[in-house]
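Letter by letter, the chains look like this.
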Amino acid sequence: MAAIVIVGAQWGDEGKGKATDILGGRVDYVVKPNGGNNAGHTVVVGGEKYELKLLPAGILSENATPVLGNGVVINLEALFEEIDGLEARGANASERLKVSANAHLVAPYHQVLDRVHERFLGKRAIGTTGRGIGPTYADKVARIGLRVQDVFDESILRQKISSALDVKNQMLVKMYNRKAIEVEEVVEYFLSFRERLEPLVVDSEYLLNTALDEGKHVLMEGGQATMLDVDHGTYPFVTSSNPSAGGACVGSGIGPTKITSCLGIIKAYTTRVGAGPFPTELFDKWGEHLQNVGGEVGVNTGRKRRCGWYDSVIARYASRVNGFTDYFLTKLDVLTGIGEIPICVAYDVDGERFDEMPTSQTQFHHAEPIFETMPAWDEDITGCTTFDELPEKARDYVLRLEELSGCRISYIGVGPGRDQTIVRHDVLAS
Ligand code: GDP
Ligand code: IMO
Ligand code: MG
């Protein structure tokens with residue numbers, strides 16, 4: 001029995017999809033515990049590129065059962081579009097996918113509210129993906145949300161939509177100067193998915209725990225990342241869920257005592273999409289270099305990702321708040337041939353040195369990176385399959401990051417392909 005959690009250690013897009021894909025072929029279930037179609041995972045299989053938003057990347061592992069857990073927020077239109085897109089390419093998605101009856105639903109009014117609210121914030125906007133994620137989680141916590149199971153009880157569905165719209169229409173009309181949304185329109189929208197949704201719905205908490213009891217392997221594929229976590233991230237510039245490891249337990253109904261490994265995914269440098277502080281951000285030719293060579297454009301919204309050097313303060317922090325057992329270091333190949341590589345080892349905050357994450361938001365906004373540098377290698381590493389095959393300078397860089405980052409680096413990505421991964425320690429072997 002193995003229950004492995006995959007967590008982004010930085011601000012997202014670390015390569016969680018690829019990590020899931022590599023392990024997915026050897027597990028029985030892949031459950032997505034948080035987030036919705038705000039994610040964007042690119043997975044390259046046999047030269048074919050797949051882009052997933054709402055579905056877990058585990059959908060590409062034919063032998064695993066993919067599950068949307070109770071902690072996910074589901075846009076049903078986006079879900080079926082994504083399933084149809086995959087099936088048009090020959091994947092078998094709808095017969096394998098399971099959806100938690102307790103997962104919350106993104107309503108059309110959540111998407112409208114996300115966008116109008118961002119516009120209303122102006123310069124203070126968070127730079128959300130505009131998918132209605134924040135408003136849906138807000139309704140969940142306010143106890144006025146809609147759940148998957150509600151689609152199968154028309155009278156409850158209507159009642160819930162009606163009471164949610166009582167308040168939201170006031171906001172839309174009086175605050176944001178928009179048209180009111182009709183209750184029946186929203187009811188019809190959800191009922192139109194009922195037939196396709198019904199065969200997918202399960203008691204996912206029971207399903208996953210029974211599987212673990214039977215000795216099966218479950219992978220929890222977290223979306224987003226630690227620094228976007230509503231509790232542990234750079235609040236308020238965060239998403240509205242808990243992408244950290246604890247959130248994976250809540251969002252899948254798997255208790256913390258069952259977890260066997262907690263795998264942090266971290267890039268060999270740092271990227272961020274949307275607004276918010278980012279101490280190692282680059283505004284020079286090296287930022288552009290990482291952006292170009294790393295192909296750092298968001299899958300979900302097509303926005304360019306902001307780029308910066310590796311930040312070991314964040315790595316140590318992420319390792320601590322998630323209890324990582326292992327790191328999966330991705331995109332080492334992107335640093336080939338750049339001469340010298342700066343690594344942020346601590347921050348200078350208004351003249352004071354911080355080796356660990358400062359407590360206050362103001363301090364973090366003022367944090368200036370303190371760098372040490374290491375020489376880069378010039379050899380092409382994209383074909384390396386073992387640690388020893390890496391050039392000495394690449395090995396030294398990895399070993400230094402390991403020393404600085406709070407836990408061992410067990411996997412190293414040297415290219416986007418499934419087989420472009422060096423395994424130093426296999427989490428499924430422990
Ligand atoms: P996720 O959201 O964490 O799944 O990450 P994304 O898919 O949004 O972004 C990661 C990008 O890096 C994708 O385009 C991957 O194909 C790519 N990628 C993952 N690992 C590696 C690697 O080791 N080297 C290179 N060059 N690309 C990688
Ligand atoms: P994956 O799973 C990178 C960012 C948005 C914005 C903030 C809030 O691919 O790593 P939201 O729409 O969630 O309310 O936006 O969070 N964000 C991501 N950034 N990767 C993601 O997902 C993200 N999901 C949300 O850009 O700054
Ligand atoms: Mg992504």
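Higher on the page you've got the structure.
Residues numbered from 1 in each chain as written. Chains lettered and ligands numbered in written order. Predicted model: local features only at pLDDT ≥ 70, side-chain atom pairs only at ≥ 80, totals over all residues. Heavy atoms only, no water.

The next thing to look at is the packing of helix α3 (residues 108-121) against helix α5 (residues 154-175). At their nearest, the axes of α3 and α5 sit 12 Å apart, and the two run at 30 degrees to each other. As far as their axial angle goes, α5 and α3 are roughly parallel. When you trace α3 past α5, the crossing you get is left-handed. Residues Y109, H110, V112, L113, V116 and F120 of α3 form the contact with α5, whose participating residues are I161, A164, L165, K168, M171, L172 and M175. (Axes fitted to C-alpha atoms, helices over the stretch in contact; angles between N-to-C directions. Helix = DSSP H or I, 4+ residues; strand = E, 2+ residues; numbered from the N terminus. Parallel < 35°, antiparallel > 145°, perpendicular 65-115°, else oblique. Left-handed = near helix turned anticlockwise from the far one by under 90°. Contact = heavy atoms within 4.5 Å.)

A few words on unusual backbone geometry. Cis geometry is found at the peptide bond from Y235 to P236, where omega equals 5 degrees. Take P236: it is sitting in the loop between β10 (217-221) and α9 (245-252). Of note in the backbone geometry, N177 takes a positive phi value of approximately 60 degrees without being a glycine. Among the structural elements, N177 can be located in the loop between α5 and α6 (183-191). Backbone geometry at D350 places phi at a positive 45 degrees, although glycine is not the residue there. Note that D350 resides in the loop between β16 (340-349) and β17 (352-354).

Attention shifts here to the side chain of Q10. Its location among the elements puts Q10 in the loop between β1 (2-8) and α1 (16-24). Look at Q10 and you get buried, because its relative accessible area is 2%. (Buried < 20%, exposed > 50% of the residue type's maximum accessible area, 1.4 Å probe, protein only.)

Turning to the site of ligand 2, a few remarks are in order. The environment of ligand 2 is formed by 20 residues, the closest being D13, K16, N38, T129 and T239. Separating an oxygen atom of ligand 2 from a backbone N or O atom of D13 is a distance of 2.9 Å. Separating an oxygen atom of ligand 2 from a backbone N or O atom of G127 is a distance of 3.5 Å. Compared with its free state, where it exposes 550 Å², ligand 2 has 97% of that area covered by protein. Across the shell around ligand 2, the residue classes break down as six nonpolar, eleven polar and three charged. (Near = heavy atom within 4 Å. Polar contact = N/O pair within 3.5 Å; in protein donor to acceptor, adjacent residues only side chain to side chain. Areas by Shrake-Rupley, 256 points an atom, 1.4 Å probe, with all protein chains shown as cover. Nonpolar A, V, L, I, M, F, W, Y, C, P; charged D, E, K, R; others polar.)

Now for the coordination of the magnesium ion (ligand 3). Protein-derived ligands of the magnesium ion (ligand 3) are D13 (OD) and G40 (O), with the metal-ligand distances lying across 2.0 Å. One end of the pair, D13, is in the loop between β1 and α1; the other, G40, is in the loop between β2 (29-32) and β3 (41-45), with 27 residues separating them in the sequence. Residue D13 is classed as partly exposed on the basis of its relative accessible area, which comes to 22%. (Donors = N, O, S within 2.8 Å, 3.2 Å for Na, K, Ca; no water.)

Below, the discussion takes up the pattern of salt bridges. The full count for this structure, using the stated rule, is 22 salt bridges. Among the ionic pairs, R196 bridges to D84, the shortest N-O distance being 2.9 Å. One end of the pair, R196, is in helix α7 (residues 194-197); the other, D84, is in helix α2 (residues 76-88), and 112 residues separate them in sequence. For D84, a relative accessible area of 36% corresponds to the partly exposed category. When the shortest N-O distance is used, the salt bridge between E214 and K216 registers 3.2 Å. A relative accessible area of 53% means that E214 is categorised as exposed. Shared partners join several salt bridges into a network, and the residues in it are D13, K267, E296, R305 and K331. (Salt bridge = Lys/Arg side-chain N within 4 Å of Asp/Glu carboxyl O.)

For the rest of this paragraph, the subject is the pairing of strand β11 (residues 261-267). For β11, the buried fraction is high: seven of the seven residues fall into the buried class. Neither face of β11 is open: one carries S261, L263, I265 and K267, the other C262, G264 and I266, and all of them are buried. Pairing analysis gives five bridges linking β1 to β11, with the strands arranged parallel. Note on β11: the bridge partner recorded for G8 is I265. (Pairing = 2+ DSSP bridges.)

Turning to the pairing of β10, a few remarks are in order. Across the five residues that make up β10, a large majority, four, are buried. As defined by bridge partners, β1 adjoins β10 across five bridges and the pair is classed as parallel. Counted as the bridge partner of I4 is L219 from β10.

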